[in-house]
Amino acid sequence: MRKSLIVSLGLASIVSVSVAALDDQAIPDDALGLSKTSVFDIPDPGVFDYHEGDPGTNERLATSYHTAPPMIPHHINDMVPITRESNLCKDCHVQPDLLGVKLEPGMPVPAPRSHYVNVKRGQLYMGRYNCVQCHAPQAKVDVLVKSTFKQPGRN
Ligand code: HEC
Ligand code: HEC
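### Regarding the coordination of the iron atom of ligand 1
Distances from the iron atom of ligand 1 to its protein donors, His74 (NE2) and His93 (NE2), fall within 1.9 to 2.1 Å. One can describe the site at the iron atom of ligand 1 as octahedral: its six donor atoms subtend angles covering 88 to 179 degrees at the metal. In this pair, His74 sits in the loop between helix H1 (2-25) and helix H2 (88-93) while His93 sits in helix H2, placing the two residues 19 residues apart along the sequence. By relative accessible area, His74 is classed as buried at 12%.

### Let's talk about the site of ligand 1
With respect to spatial proximity, 23 residues lie near ligand 1, and among them Asn58, His74, Cys89, Cys92 and His93 are the closest. Between an oxygen atom of ligand 1 and a main-chain N or O atom of Gly56, the distance comes to 2.9 Å. The side chain of Arg60 places a nitrogen or oxygen atom 2.9 Å from an oxygen atom of ligand 1. Taken together, the residues of the shell around ligand 1 break down into 14 nonpolar, seven polar and two charged.

### Brief notes about the packing of aromatic side chains
Summed over all chains, the structure comprises one aromatic pair. Centroid distance Phe48 to Tyr50: 5.6 Å. Interplanar angle 85 degrees. Geometry classified as edge-to-face. Here Phe48 falls in the partly exposed class, since its relative accessible area comes to 42%. Exposure remark for Tyr50: the relative accessible area of 46% places this residue in the partly exposed category. A cation sits over an aromatic face here: Arg84 above Tyr129, 5.7 Å from the ring centre.

### A short note on a nonpolar patch on the surface
There is a patch of nonpolar side chains on the surface, built from Ile27, Leu32, Val39 and Phe40 and spanning about 430 Å² of accessible area. Along the chain, Val39 falls in the loop between H1 and H2.

### Here's the deal with the site of ligand 2
Lining the immediate environment of ligand 2, one finds 20 residues, of which Ser114, His115, Cys131, Cys134 and His135 sit closest. Here an oxygen atom of ligand 2 sits 2.7 Å away from a polar atom, N or O, in the side chain of Ser114. Side-chain polar atom of His115 to a nitrogen atom of ligand 2: 2.8 Å apart, as the coordinates give it. By residue class, the composition of the shell around ligand 2 is eleven nonpolar, seven polar and two charged.

### Quick look at unusual backbone geometry
The peptide bond linking Val80 to Pro81 adopts the cis configuration, its omega dihedral lying at 0 degrees. Examined against the element boundaries, Pro81 turns out to sit in the loop between H1 and H2. Phi at Thr67 takes a positive value of approximately 75 degrees, unusual for a residue other than glycine. Counting through the fold element by element, Thr67 comes out in the loop between H1 and H2. The backbone of Asp78 shows a phi angle near 65 degrees, a positive value even though the residue is not glycine. Of note, Asp78 is situated in the loop between H1 and H2.

About the thresholds
- Residues numbered from 1 in each chain as written.
- Chains lettered and ligands numbered in written order.
- Predicted model: local features only at pLDDT ≥ 70, side-chain atom pairs only at ≥ 80, totals over all residues.
- Heavy atoms only, no water.
- Donors = N, O, S within 2.8 Å, 3.2 Å for Na, K, Ca; no water.
- Tetrahedral: all angles 85-135°; square planar, octahedral: opposite > 155°, others 65-115°.
- Helix = DSSP H or I, 4+ residues; strand = E, 2+ residues; numbered from the N terminus.
- Buried < 20%, exposed > 50% of the residue type's maximum accessible area, 1.4 Å probe, protein only.
- Near = heavy atom within 4 Å.
- Polar contact = N/O pair within 3.5 Å; in protein donor to acceptor, adjacent residues only side chain to side chain.
- Nonpolar A, V, L, I, M, F, W, Y, C, P; charged D, E, K, R; others polar.
- Phe/Tyr/Trp six-rings, centres within 6.5 Å; stacked < 30°, edge-to-face > 60°.
- Lys NZ or Arg CZ within 6 Å of the ring centre and 35° of its normal.
- Patch = residues over 30% accessible without salt bridge, like charges linked within 9 Å, V, L, I, M, F, W, Y side chains within 5 Å.
- Areas by Shrake-Rupley, 256 points an atom, 1.4 Å probe, with all protein chains shown as cover.
- Salt bridge = Lys/Arg side-chain N within 4 Å of Asp/Glu carboxyl O.

Put into structure tokens, the structure is as follows:
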């Protein structure tokens, strides 16, 4: 009886010592993610507005990496939702005649060859009809981690 009490006291102290050792190694809650706050906090992100520039009045934006879909530099108010039957983006961007033409400021960038089934006829590949699935409008917000990537050769 006595012997087993000593054994269990001994075991208990080993367990508590190792729990204390684990506590020392624990990563603090606010160092687990990219956020500066604890991962257990419920975030309350600020409200932001998308860029309000009309199409034709904006600089093209740098892409995030080679082959990334370029971001939309103008607003897309009243252009979404896009449906198979109604797609305002197409009216300005499906312009195969502009492919290879030097663009002046204010001219829409033609959707590239990869976006058509028949480039000559300007027949869009319908697997790409929902433009905003890949191209996103932008807003000025503070990013958690800044990217230093610059795509060579793009202005
Ligand atoms: C009224 C014409 C017009 C409409 C409608 C329009 N755009 Fe544009 N878009 C432009 C022009 C012009 C530019 C060149 C930048 C500028 O001056 O705003 C542009 C730029 C872009 C770019 C940047 C391309 C690059 O290579 O940097 C993307 C992507 C884009 N538009 C996607 C869209 C999508 C998606 C829609 C529909 C939700 C849309 N646009 C609707 C005229 C238009
Ligand atoms: C499945 C993703 C996807 C969809 C959907 C899509 N695009 Fe793109 N788009 C891309 C990618 C990726 C590029 C970069 C060039 C490339 O790799 O073809 C691009 C490039 C562009 C460019 C820039 C061309 C240049 O010379 O810089 C325009 C404009 C554009 N797309 C318009 C559109 C429009 C308008 C629609 C809808 C009708 C659309 N895209 C649908 C992925 C997509």
